[in-house]
Each structure stands twice: as structure tokens, then as C-alpha cells.
Amino acid sequence: MKFTIRHLSGSRAGQEQVLDGPVIRLGRDPSSQVAFDPVTDDRVSTNHAQLLLMGDGQVMLSDLGSRNGTFLGEQAVKGMVPLMSGAVVCLGGEGGPQVSVTFSADTAAVPAVAPAAPAPPPAKSGGGKTCLLCGVLALVLVGCPGAVAGLYLLTRGDGSEPVAVDVPPPDVPPPADGVAAVDPPKPAEPEQAPAPAEPVDRRTAWGKLGVGSVFEQRSKTDMKVGEQSMTTESVITYTVKAVGEDEVTVEMKTALPSMPDFPPTANDVQFPARVKEGEAGEQPEVLEEKKTDVTVPAGTFPCTYRKTRAKVGDAETTTELWYDEAEALPYKVTVVNAQMSSVTELTRREPK
């Protein structure tokens, strides 16, 4: 089955992805088939939501314990719900990105959920904000009788330095005592407000890699919703194909060892080559953080260990992360909540 993901809002607004099922993960984790910007899309969790093609052809949408929730229209997704082709999914609620999901197959069951109408993207609650102030300020200096010349000080609408414009003096005869008229004092130029400090651009770990770099991750996820339970395994291989000034093109090849009937799929995705510092959004509660070593199939590495907890309503998700900011992918990630547990490990690392 082919899934078409159209980004209606968020950092990837206007983009379209065509992906193969049966499992499509959405989140800020770069290994997600639908990956969101880790800074701009701050209402999206690392592992946020998942699309799953069932054996009967029905597509199910599930929230993976995200801290801000997954929504169909105004309805929060709890557990696994059927999804109809053309539905609009909002990740993170108010201020979160919206995507439309369409899919097609030779035989597809018709789910019972109707598509939700896309709402205009609301004001973003996290991350950096931009305010546009427009206006024109005119300061007029009117010449006194006997003045040699009047002067108009006009401040440009774009906020740059004032512009001096000569204005002919009025026709006034000189004073009888022959004393020359004195020009009136010029008003002080308006003070320019200091420009806000721009976030500092820097290269991401992906932006520092060379073409031909290869990484591989293996994930295992156990899910249980009501009477339904399943285990999925996936192996994702990343190969850097092109490195640009702003984007890095990476081929993501996904294999599903737990579903041998589904052949491997390959898609090109774009990761940001630059991020802006100083625009971090809402962060989960940090329970523990320390320097340590981690051993995964790719080797043993010094790293930072961080354990966080996020809570939405009564749902609580605990995430453990072993990572190095200089690396494109984390060495290990575990995610646990009431509905699922997932372990992802780095199995191959060949940077260039």
C-alpha cells in the first residue's frame, strides 16, 4: 500500500511524501519515516504517532504516548483508531503541524472514521516567535518667521535612518532691526531600538557528514491496546546521497524482519543541514542526566545518558536516551508507556 503524506502546516508545509507501508512512524526522531524539525516543530514528540496497515487492509492510527497528543479534527486519539483515506491528522494539538494522509490499495477496507477538515494553523505555543511591526513616523519641523529654511525629518517605514528633505522657507521680510534670524534648533533624531539578536546558525551533525556515510538502526516495538497486541521489528539503513547548504538528502531503506511478506522499501528524505540555536521549544521533565558509556551492536561509545518523563492527562511516557550531540543518530533509545515499549539501537556506523 502507498501512503501519501501532505504537510499542511509546520516546518515542512507544502511538502509531500509517498511512502510504503505497512508501518509509518511520525515524530522528531530522524529515523521516523515522517520526520519533523526538532526545533521548529517543538510540539511533536520524538516518537509521536504511527500508521499501521492491518491484515484486512484497514489502516490504524495510534498515538505513541506523545506529550501533546494526536488529534483527528478536535478528537484526541486514544489507543488505535481506524483511519480513512484523506483524513487530516494534527500532531501536538494547538500549534502543532497538520498532515493529510491518503492511501490506496487493490483491496482496502473502508474504515468508519470520516476525514477531518483541515483547520488553519493556530498560533504556535512553543519555540521562537516573530513579531512584524509596520508603521511610518513623521517628524515635521516648521520654520519660524525669518528662518532660512525649514527641514522635514521623515522616518522610513522600514525603520532605517531618517531622511532629510529640504523645504523652501516662507516669504517673510527680514526683521526691521537688521538682526539676522536665528534658525530654530533641530530636534534630536529618534533613537533606533536595537535589533533583536538573531539565532546563531550552525551545522547539524547530518550537515557535517560526507556523501556515502552509512548508518543503521534496529528497532523492536511491543504494543498492546485492549485485547490487541503485536510486536514489530524494523531495520532502517541511512545512506547520505547529497549534502547541501541547508538540506541533506538521505536514502532511508526500511526492512521489516517481523513481516517477511513485505519487501524492503527505500525513500529519500531531507534532514536539515543547519539549525538555529536559542529556539528550543517545550521540553519534557528530566529525571536523570549523566556522562556514561553505552554498548550497542555498532560498538561501545562515550555518551550522555538522559532519562525524561512526559505526561499528557493520565498518560505518562518515559524515554531513555544515550546520545552524543556530534552524532547524527542516537546510540540507543527506549520509550515506555502504558500502551507500548520500544527499543532502538545503532547497529552500523560508517561516517565519511
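Nothing here was measured: the structure is a model prediction, and the numbers come from that model.

Asks: Which residues make up the overall build of the protein chain, and what values do they have?
Replies: Within the protein chain, the regular secondary structure consists of 0 helices and 25 strands. Going through the 352 residues of the protein chain one by one, you find that 40% of them count as buried. Taking contacts inside the protein chain between residues at least 6 apart in sequence as the whole, the part at least 24 apart equals 49%.

Asks: Help me get a handle on the sheet that holds strand 6 (residues 59–63), residues and values and all.
Replies: Taken together, 5 strands build an open sheet; the order of strands is 4-3-5-6-9 and the sheet is mixed. Across the chains shown, the open sheet's two edge strands, defined by having one partner strand only, are strand 4 (34–35) and strand 9 (80–82). Where strand 3 (residues 23–27) meets strand 5 (residues 49–53), 4 bridges bridge the pair, whose relative direction is antiparallel. Bridging across to strand 5, V23 finds its partner in L52.

Asks: Could you give me a rundown of the packing of aromatic side chains, with the residues and numbers involved?
Replies: Following the criterion strictly, the structure yields 6 aromatic pairs and no others. Seen in terms of ring centroids, W206 and F215 are 6.1 Å apart; in terms of plane orientation they differ by 75 degrees. Their pairing is edge-to-face. What links up through ring pairs into an aromatic cluster is the set W206, F215, Y238 and F271. Here the basic side chain of K332 rests over the ring of W322, its NZ or CZ set 5.0 Å away from the ring centre.

Asks: Before we move on, can you summarise the pattern of salt bridges with the specific residues and values?
Replies: Counting across every chain of the model gives 11 salt bridges. Note that R306 is salt-bridged to E289, the shortest N-O span being 2.4 Å. You can see R306 sitting in strand 22 (residues 299–312) and its partner E289 sitting in strand 21 (residues 285–296), a full 17 residues away along the chain. A relative accessible area of 28% means that R306 is categorised as partly exposed. Owing to a relative accessible area of 44%, E289 belongs among the partly exposed residues under this scheme.

Asks: Any details on the pairing of strand 24 (residues 332–336)? Residues and values, ideally.
Replies: Consecutive residues of a regular strand have side chains that alternate between opposite faces of the sheet. As judged from the 5 bridges shared by strand 24 and strand 25 (residues 340–350), these two strands associate in the antiparallel manner. The residue of strand 25 that forms the bridge with V333 is T344. Connecting the antiparallel pair strand 24 and strand 25 is a turn made up of 3 residues.

Asks: Outline the side chain of R12, supporting the account with residue identities and numerical values.
Replies: Relative to the elements of secondary structure, R12 occurs in the loop between strand 1 (2–7) and strand 2 (16–20). Polar contacts involving the side chain of R12 include one to the side chain of Q15, which spans 3.0 Å.

Asks: Which residues make up the nonpolar core, and what values do they have?
Replies: Within the largest apolar cluster, 24 residues are counted, with the highest numbers of intra-cluster contacts made by W206, Y238, V250 and F271. Counting only elements with at least two residues in this core, the list comes to strand 17 (228–243), strand 18 (247–255), strand 19 (265–272), strand 21 and strand 22. Dropping the residues within four chain positions of it, F271 is found in contact with P30, A35, W206, Y238, D246, E247, V248, V250 and M252. If you look at the next biggest cluster of nonpolar residues, it comprises 23 residues, including F36, V44, V77 and V101.

Asks: How would you summarise the sheet that holds strand 7 (residues 70–72) if you had to cite specific residues and measurements?
Replies: Two strands in a sheet stick together by hydrogen bonds in their backbones, pointing the same way (parallel) or opposite ways (antiparallel). Pairing within the open sheet is antiparallel, and its 6 strands lie in the order 2-1-11-10-7-8. Edge positions in the sheet fall to strand 2 and strand 8 (75–76), since each of these pairs with one other strand and no more. Where strand 7 lies against strand 10 (residues 87–91), 3 bridges are found, and the strand directions are antiparallel. Its bridge partner lying in strand 10, F71 is registered against C90.

Asks: Mind laying out the confidence of the model for the protein chain, listing which residues take part and the relevant values?
Replies: Looking at the protein chain as a whole, the pLDDT averages 75, with 68% of positions reaching at least 70. Scored below 50 in pLDDT, residues 106–168 makes 99 contacts in the model with residues more than four places away or belonging to other chains.

Asks: Talk me through the side chain of T319; I want residue IDs and the actual numbers.
Replies: In this structure, T319 sits in strand 23 (residues 315–323). In contact with T319, not counting residues within four places along its chain, are R306, K307, T308, V333, T334 and V335.

Basis of the calculations
Residues numbered from 1 in each chain as written. Predicted model: local features only at pLDDT ≥ 70, side-chain atom pairs only at ≥ 80, totals over all residues. Heavy atoms only, no water. Helix = DSSP H or I, 4+ residues; strand = E, 2+ residues; numbered from the N terminus. Buried < 20%, exposed > 50% of the residue type's maximum accessible area, 1.4 Å probe, protein only. Contact = heavy atoms within 4.5 Å. Pairing = 2+ DSSP bridges. Phe/Tyr/Trp six-rings, centres within 6.5 Å; stacked < 30°, edge-to-face > 60°. Lys NZ or Arg CZ within 6 Å of the ring centre and 35° of its normal. Salt bridge = Lys/Arg side-chain N within 4 Å of Asp/Glu carboxyl O. Polar contact = N/O pair within 3.5 Å; in protein donor to acceptor, adjacent residues only side chain to side chain. Core = buried A, V, L, I, M, F, W, Y, C linked by side-chain atoms within 4.5 Å. pLDDT = per-residue confidence, 0-100.

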